[in-house]
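# Summary of structural features
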Amino acid sequence: MIKYYEKSKAKCQELKHKDSILILGIESSCDETSVAIVKNGREILTNIIASQIDIHKKFGGVVPEVASRNHILAIDKVFKKVLETAGKNINEIDAVAITYGAGLMGALLVGVNFAKALAYSLDIPCIAVSHVEGHISANYLTHKNLRPPFICLMVSGGHTAILKVNNYISHTLLGSTVDDAAGEAFDKVARVLGLSYPGGVQIDNLAKFGKPNIKFTKHNALKDSLNFSFSGIKTAVINYVNSKKMKNEDFVKEDICASFQKIIVDDISNKAVKACKLQNLNKLVVAGGVGANSYLKENLTKLCKDNNIELYFPDLKLCTDNAAMIASSGYFNLMAGKNIADLSLTAKPTVSL
Ligand code: KG4
Ligand code: ZN
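All figures in this text were calculated on a predicted structure; none of them were measured in a lab.

Moving on: the overall build of the protein chain. Scanning the protein chain from N- to C-terminus turns up 12 helices and 10 strands. Relative to the compact-globule value of 20 Å for 353 residues, the protein chain shows a C-alpha radius of gyration of 21 Å, a close match. Expressed as lengths along the three principal axes of its C-alpha atoms, the size of the protein chain is roughly 75 × 45 × 30 Å. For the protein chain, the proportion of its 353 residues judged to be buried stands at 52%. Across the protein chain, every contact between residues at least 6 apart in sequence was considered, and the portion connecting residues at least 24 apart equals 74%. Computed over 42 positive and 33 negative side-chain charges, the separation of the two mean positions in the protein chain equals 2 Å.

Where a strand is regular, its side chains alternate between the two sheet faces. Among the 8 residues in strand β2 (residues 32–39), 7 count as buried, and that is most of the element. Here strand β1 (residues 22–27) runs beside β2; their pairing, made up of 6 bridges, is antiparallel. Bridge pairing links E27 to S34 in β2. Counting the residues in the hairpin turn of β1 and β2 gives 4 residues. Both β2 and strand β3 (residues 43–51) contribute to a ladder of 8 bridges, which runs antiparallel. If you follow V38 over to β3, its bridge partner there is I44. What sits between the antiparallel neighbours β2 and β3 is a turn of 3 residues, in which N40 has the positive phi angle 50°.

A few words on helix α8 (residues 231–246). Taking 1.5 Å of rise per residue, 16 residues should cover 22 Å, and α8 covers 22 Å from first to last C-alpha, within 8% of that figure. Considered for burial, the residues of α8 that qualify are I233, K234, A236, V237, V241 and K244. The buried residues of α8 all sit within an arc of 160° when viewed along its axis, so they share a single face. Buried residues in α8 make contact with α6 (182–192) and α9 (253–279). Phi turns positive, to about 55°, at N248, one or two residues after α8.

Annotation of the protein chain at the domain level lists domain 1 (2–140 + 319–341) and domain 2 (148–318). Computed over C-alpha atoms, the centres of domain 1 and domain 2 are 28 Å apart. The partner domain 2 presents 29 residues to the 27 residues of domain 1 that form the contact. Both faces considered, domain 1 and domain 2 share a buried interface measuring about 2,200 Å² in area, 66% of it formed by carbon and sulfur atoms. Of all residues in domain 1, the largest losses of buried area upon contact with domain 2 belong to I136, N139 and C319, amounting jointly to 30% of the total for that side. Between the two partners, domain 1 and domain 2, sit 0 salt bridges.

So, how was this worked out
Residues numbered from 1 in each chain as written. Chains lettered and ligands numbered in written order. Predicted model: local features only at pLDDT ≥ 70, side-chain atom pairs only at ≥ 80, totals over all residues. Heavy atoms only, no water. Helix = DSSP H or I, 4+ residues; strand = E, 2+ residues; numbered from the N terminus. Rg over C-alpha atoms; globule rule 2.2 N^0.38 Å. Buried < 20%, exposed > 50% of the residue type's maximum accessible area, 1.4 Å probe, protein only. Contact = heavy atoms within 4.5 Å. Lys, Arg positive; Asp, Glu negative; His and termini not counted. Charge placed at Lys NZ, Arg CZ, Asp CG, Glu CD. Pairing = 2+ DSSP bridges. Expected span 1.5 Å × (residues − 1). Arc of directions from axis to C-beta. Domains from an automatic or database assignment. Buried area = accessible area lost by both parts, 1.4 Å probe. Salt bridge = Lys/Arg side-chain N within 4 Å of Asp/Glu carboxyl O.

Listed below in structure tokens is the structure:
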């Protein structure tokens, strides 16, 4: 009997010669249960996202155990709905792509086990996808002609980094955060201001009505590198709010949001442009949830225009977690014969960038 893994490798070779490849992507790394079908890595047939945000809102953030349980309740329904919406029979799917990490262990395991069982029962390959690479691929779905190499500004709730994307399946890390991720800092500051989870979008909205007139002390030690630190600014905001509260003084949330957001966004924008210059690449691609930030878009658009850099953002709905980006990354891995999973595939809470 030929082992499943050997058969998968052989099938991936055969698929390389097929004109139309349908990949079913699955994403369950945090608080979104998502399943999608993508054709040839670029065309979304269906992308359904069952969000748990309303469930976690009352806790002020994602509760890992609650997230796992809700993935279990949702995954089969979302999977069936995706096939129905795409008008596809399960036997038309060529491969399954699954986020194996980074993320919450229990949440990831729900998707990984579902994907393995599905792929094994259908006798089709299962491709293990890194969540970070998935976020980059959201841009291949949005911009049909986008091709590597380029510089990627990865700004999500779990990662903040500048990458040189060499080709569809490999990248080089140029810089990253030494403490919090940008999205994490947004969410923590939002919590201090009493804004509901997830806080990034709330800060974005309030900042539009405020002035960036508060001088929060900025961490300067990393200013000449491509690395980031956001925990200092986060603490400065927390101290500012607490001292105002203790003195019974009023504070303007809108101004705090505008000031905090400007410091973070200016820093990540400047370093992303600097990376393009250092690497002599005039293409900048933004990836991850903070890519939905309106001031980031406005600021980078101006900076890139001034510096002759082509700028790419994913569609707003593809900035945050979704399975279409995982299916797209799965396609490029499959074409390269990379990350074809064995049945021993398991979830990984951290994945090196
Ligand atoms: O990429 P993502 O969905 O999750 C991870 O892979 O970590 O990103 C979620 C993060 C959250 O921290 C959320 O607050 C942030 O993206 N976010 C925003 C905005 N929309 C989402 N941050 C700033 N401005 C936004 N408009
Ligand atoms: Zn994500």
